[in-house]
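Descriptive structure summary
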Amino acid sequence: MRDLGGVMNKLRLLFFLLVPVSLACALSPTPSSGVQGTMMISPVSGGPLRKGQPESKPLPDMEFLVKQGERVVTSFRTDGQGHFEVKLAPGHYMITRKDSQAGVGFYGPFEVDVSAAQMKTVQWECDSGIR
């Protein structure tokens, strides 16, 4: 019986040493991956480009879908300055405007490859359709 008691004490010690290490690993932040950037739109006005007028501007408050093949993975909306950030697992994605049939212009598709533990930074140009 004495040997069984010694084994139990060793198992208890091992348990109390491994639990904190396991919890620390489980609670540590994992690096995120995905895409961040700015959606731009151009041309900004019809007709010829005017001196001093920008060719493009940020595309605010527009919703986009993120797809892998035909499957919609998630969506995101640009902020007031056209910026966005979406966390994604590593893989190949297509980004398109949510209501791609609504209105004039072309808003993707944009292709992007996401790598593990990396936020890819992009600047994509959408076509307003104004001529």
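Residues numbered from 1 in each chain as written. Predicted model: local features only at pLDDT ≥ 70, side-chain atom pairs only at ≥ 80, totals over all residues. Heavy atoms only, no water.

Another aspect to go through is the sheet that holds strand E7 (residues 110–114). What the 4 strands build is an open sheet, ordered E4-E3-E6-E7; its pairing is antiparallel. Each edge of the open sheet carries a strand with a single partner, namely strand E4 (71–77) and E7. Each strand of the sheet is rotated relative to its neighbour by a mean of 30°, with strand direction disregarded. (Pairing = 2+ DSSP bridges. Helix = DSSP H or I, 4+ residues; strand = E, 2+ residues; numbered from the N terminus. Axes fitted to C-alpha atoms, helices over the stretch in contact; angles between N-to-C directions.)

Tracing the backbone through its elements, the reader meets Arg 77 in strand E4. Through-space distance from the C-alpha of Arg 77 to that of Lys 98 is 9.5 Å; in sequence the pair is 21 residues apart. Ignoring anything within four residues of it in the chain, the contact list for Arg 77 reads Asp 61, Met 62, Glu 63, His 83 and Phe 84. Only 3.3 Å separates the side chain of Arg 77 from the side chain of Asp 61, close enough to count as a polar contact. A polar side-chain atom of Arg 77 sits 3.2 Å from a polar atom in the side chain of Glu 63. (Contact = heavy atoms within 4.5 Å. Polar contact = N/O pair within 3.5 Å; in protein donor to acceptor, adjacent residues only side chain to side chain.)

Right, let's talk about the nonpolar core for a bit. Grouped together as the largest cluster of nonpolar side chains are 20 residues, with contacts concentrated most on Val 35, Met 39, Phe 64, Ile 95 and Trp 124. Those residues within four positions of Trp 124 in sequence are excluded, and the remaining contacts are Val 35, Thr 38, Met 39, Met 40, Phe 84, Ile 95, Phe 110, Glu 111 and Val 112. (Core = buried A, V, L, I, M, F, W, Y, C linked by side-chain atoms within 4.5 Å. Buried < 20%, exposed > 50% of the residue type's maximum accessible area, 1.4 Å probe, protein only.)

Quick look at the side chain of Ser 128 now. Within the element layout of this structure, Ser 128 appears in the segment after strand E8 (119–127). Judged by its relative accessible area of 12%, Ser 128 is buried. Polar side-chain contacts of Ser 128 include one of 2.7 Å to the backbone oxygen of Pro 43. At 3.3 Å, the side chain of Ser 128 forms a polar contact with the backbone nitrogen of Ile 130. Among all residues touching Ser 128, those that are not within four sequence positions of it are Ile 41, Ser 42, Pro 43, Val 104, Gly 105 and Tyr 107.

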